[in-house]
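# A closer look at the structure
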Amino acid sequence: MLYRENGQFKTSYRADQQIFPVLQDRIAVLALLAVAFVVLPLTAPEYLFRAILIPFLILSLAALGLNILVGYCGQISLGTGAFMAVGAYAAYNFQVRIPGMPLIASLLLGGVCATGVGVLFGIPSLRIKGLYLAVATLAAQFFTDWAFLRISWFTNNSSSGSVSVSGLNVFGLPIESPVSKYLLCLVFVSVFALLAKNLVRASIGREWMAMRDMDVAAAVIGIRPMYAKLTAFAVSSFIVGVAGALWGFIHLGAWEPAAFNIDRSFQLLFMVIIGGLGSISGSFIGAAFIILLPLLLNQVPRWFDMPLSTALASHLESMIFGALIVFFLIVEPHGLARLWSTAREKLRLWPFPH
């Protein structure tokens, strides 16, 4: 009975088109932001930041970028890990080769470099689609794996092939503690989620969705396929590149090309499929599911005095992911986000059946 719209009248187009038209949704989002920005930094333990919250935020950002390309524009991509790697290594080179380069500028420039690579590998989407496009983006993954492993310039001539960053700061404030790293990631995710939500509601977002639903009909009504597809690749690659830079700088601190291998690309694709294609909230739900499932597989059996071996837990994780992907593709292609949306609609109508 609490989730009702009685008395919430819209008297302007602006009020009717706002992101959260229901008052209860706005209150819930503000409360969630208050908890994320104020309560958690003051109360959460260090383990929660390092093992759950920081990986969750960065992977949510990467899944958000992938969802724009796959969920909203309908362009299949298996090279997300490659664009994350480009963002991470580009940001690293800006940081070490330009004295005094601000951290925020390095992260954003890493996203810009990922944009260029994404557009380059998105050009085949103008002529091919489906599985053929997936193979073309998969080529980006193999190419970047080879380049960052064999071309020593990208790693600043590191003999081991790995790179590391230290002494990070933003506007003179050190980014060393788990709380400061968490807050930096949270700011990035909040800003990019808001920008992505407004993009998909704007004319460019409607062009992406028209290309996804039927590209021939979209071209007939005047939508330029080249512009729509390449802008989707550009925006997606930029967000994924920034997420890759955050993953290397903030979460890992030191990394090598294996940190952005093809397994990372598939993991992000699983997040989008399970969380919900074409949904901003689905990116966060999918990332939370992927992060929490391995922890639950390790902890829940111990609560019942039935500990699982590491190998068995890993196999169970893969089996559950596979089963859920098949389930959602057959039963609910729009993932967990659609189930949550359906539940909200039922709450708005309950107890009426219509």
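Here, the structure is the one placed above.
To start, this report covers the structure provided alongside it. (Residues numbered from 1 in each chain as written. Predicted model: local features only at pLDDT ≥ 70, side-chain atom pairs only at ≥ 80, totals over all residues. Heavy atoms only, no water.)

## A word on the overall build of the protein chain
For the record, the criterion: Working definition: helices are DSSP H or I runs of at least four residues, strands are E runs of at least two. Numbering for both runs from the N terminus. Our radius of gyration looks at C-alpha atoms and nothing else; its globule reference is 2.2 Å times the residue count to the power 0.38. Between buried and exposed lies partly exposed: a residue is buried under 20% and exposed over 50% of the maximum accessible area for its type, with that area taken using a 1.4 Å probe on protein chains only. Note that accessible areas follow from Shrake-Rupley with a 1.4 Å probe, and for residues the cover is restricted to the protein chains shown. Residues scored as charged are limited to Lys and Arg (positive) and Asp and Glu (negative), so that His and the chain ends carry no count. Here the site of a charge means atom NZ of a Lys, CZ of an Arg, CG of an Asp or CD of a Glu.
In terms of regular secondary structure, the protein chain is built from 14 helices and 4 strands. Here the C-alpha radius of gyration of the protein chain, 21 Å, is about what a compact globule of 354 residues would show, namely 20 Å. In the protein chain, which comprises 354 residues, the proportion classed as buried is 43%. Total accessible area computed for the protein chain in this model is approximately 18,200 Å², and 69% of it derives from carbon and sulfur atoms. The positive charge centre, built from 22 side chains, and the negative charge centre, built from 15, are 7 Å apart in the protein chain.

## Observations regarding the packing of helix α7 (residues 178-201) against helix α10 (residues 225-252)
Between two packed helices, the angle of one axis relative to the other and the distance separating the axes together describe the packing. Convention followed: Axis lines are fitted to C-alpha atoms, over the contacting stretch for helices. Their N-to-C directions set the angle, which ranges from 0 to 180 degrees. Any angle that falls under 35 degrees is termed roughly parallel, while one over 145 is termed roughly antiparallel, one within 65 to 115 roughly perpendicular, and all others oblique. Contacts are residue-level and defined by heavy atoms, with any inter-residue pair within 4.5 Å sufficient. Polar here means any residue outside two lists: the nonpolar Ala, Val, Leu, Ile, Met, Phe, Trp, Tyr, Cys and Pro, and the charged Asp, Glu, Lys and Arg; Gly therefore counts as polar.
For the pair α7 and α10, the least separation of the axes is 12 Å and the interaxial angle reads 175°. Relative to α10, α7 is oriented roughly antiparallel. The segment α7 lies against α10, with K181, L184, C185, F188, F192 and L199 engaging V235, F238, I239, V242, L246 and I250. Of the residues that constitute the contact of α7 with α10, the class distribution is 11 nonpolar, no polar and 1 charged.

## Describing unusual backbone geometry
Of note in this structure, N156 is not a glycine but carries a positive phi near 55°. Within the element layout of this structure, N156 appears in the loop between α6 (131-150) and β1 (163-164). Given the relative accessible area of 35%, N156 is considered partly exposed. Its identity is not glycine, yet F171 carries a phi of approximately 55°, on the positive side. Mapped onto the secondary structure, F171 falls in the loop between β2 (169-170) and β3 (173-174). Its relative accessible area of 79% is what places F171 among the exposed residues.

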